[in-house]
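Each chain, letter by letter, is given below.
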Amino acid sequence: MKSIVLLTLISLPSYGFHPDTLQAVEDITSKAVQEYQQKEVDCLAKTLYYEANTEGEKGMLIVANVIKNRIAHKDFPDTICGVVADKRAPFSSYKAVQRSMGKDRGEGYGRYREAYKVAHRAIQEVRQPSKVVSFKVCSHPSKFFDKLVLVFKYKQHCYYRGK
């Protein structure tokens, strides 16, 4: 989306568009990008809250990195909200995240606020993706995870990669 918009903005002056038209297009584009970015932050923060709020900042960062690893992986969607909602490997919190999208209840409270800080940090952080693309509560049995390789454990979660 961004590359198409930038190409359009670069090519508009050559077609003789009025500067006010260009400014209006830039304003609309900027607002759309900001709304898209905020939606991605909301999806990530709410997922971190519902998946790992009891595991502190480090636990939430690990879950954020799993989401980023999925984005980098060819078999998963290329957005945070897409990864969280992916029907092939949905996050257990997806329904709670969906119900809370667009609602501000709780965003001012301790762990919820921490989840938003971690989400912003994780989105801005540039790092090399790893192969860890799945996790679960260690004590919950699941045949799906039998075909994956356990990479590490952190608090109550076990983190896996494909074989």
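Our structure is the block above this text.
Cut-off values and rules
Each residue is numbered by its place in its chain's sequence as written, counting from 1. Note on the predicted model: pLDDT of at least 70 is required for a residue's local features to be given, and 80 or more for side-chain atom pairs to be given and counted; whole-chain, interface and lining totals, by contrast, use all residues. Calculation of side-chain values draws on the structure's entire complement of heavy atoms; hydrogens and water are dropped beforehand. Strands are treated as partners if at least two bridges between them are detected by DSSP. The numbering of helices and of strands both runs from the N terminus, where a helix is a DSSP run of H or I of at least 4 residues and a strand a run of E of at least 2. Helix axes are fitted only over the stretch in contact, all axes being lines through C-alpha atoms; the angle between N-to-C directions runs from 0 to 180 degrees. Contact between two residues is taken to exist if any of their heavy atoms lie within 4.5 Å; hydrogens are not considered. In the cavity and pocket records, a cavity denotes points on a 1 Å grid over the protein atoms alone where a 1.4 Å probe fits but cannot get out, a pocket denotes an open set with protein on both sides within 12 Å along at least 5 of 7 lines, and lining residues are residues with an atom within 4 Å of a point. Grid points are joined across faces, edges and corners, and a volume is the space filled by probe spheres set on the points. Residue type decides the class: Asp, Glu, Lys and Arg count as charged, Ala, Val, Leu, Ile, Met, Phe, Trp, Tyr, Cys and Pro as nonpolar, and the leftover types, Gly among them, as polar.

(A) Broad picture of the sheet that holds strand β1 (residues 132-137). The sheet built from three strands is open, its strands ordered β1-β3-β2 with antiparallel pairing. Since the sheet does not close on itself, it has two edges, and those belong to β1 and β2 (148-154), each with one partner. Recorded for the sheet is a direction-independent mean angle of 30 degrees between the axes of neighbouring strands. As paired strands, β2 and strand β3 (residues 157-162) are joined by six bridges and run antiparallel to one another. Across the sheet, residue valine 149 finds its bridge partner in β3, namely arginine 161. Of the strands in this sheet, β1, β2 and β3 touch helix α3 (residues 56-72), which is tilted by about 135 degrees from β1.

(B) Representation of the layout of surface pockets in the model. A volume near 320 Å³ is recorded for the largest pocket. What lines the largest pocket is a set of 13 residues, among which Tyr36, Gln37, Glu40, Ile80 and Ile123 lie closest to the centre. For the lining of the largest pocket, the elements supplying multiple residues, two or more each, are α2 (19-52), α3 and α6 (110-124). The leading source of residues in the lining of the largest pocket is α2, at four residues. The residue inventory of the lining of the largest pocket, partitioned by class, reads five nonpolar, four polar and four charged.

It is worth stressing that arrangement in space is one thing and function is another; only the former is reported here.
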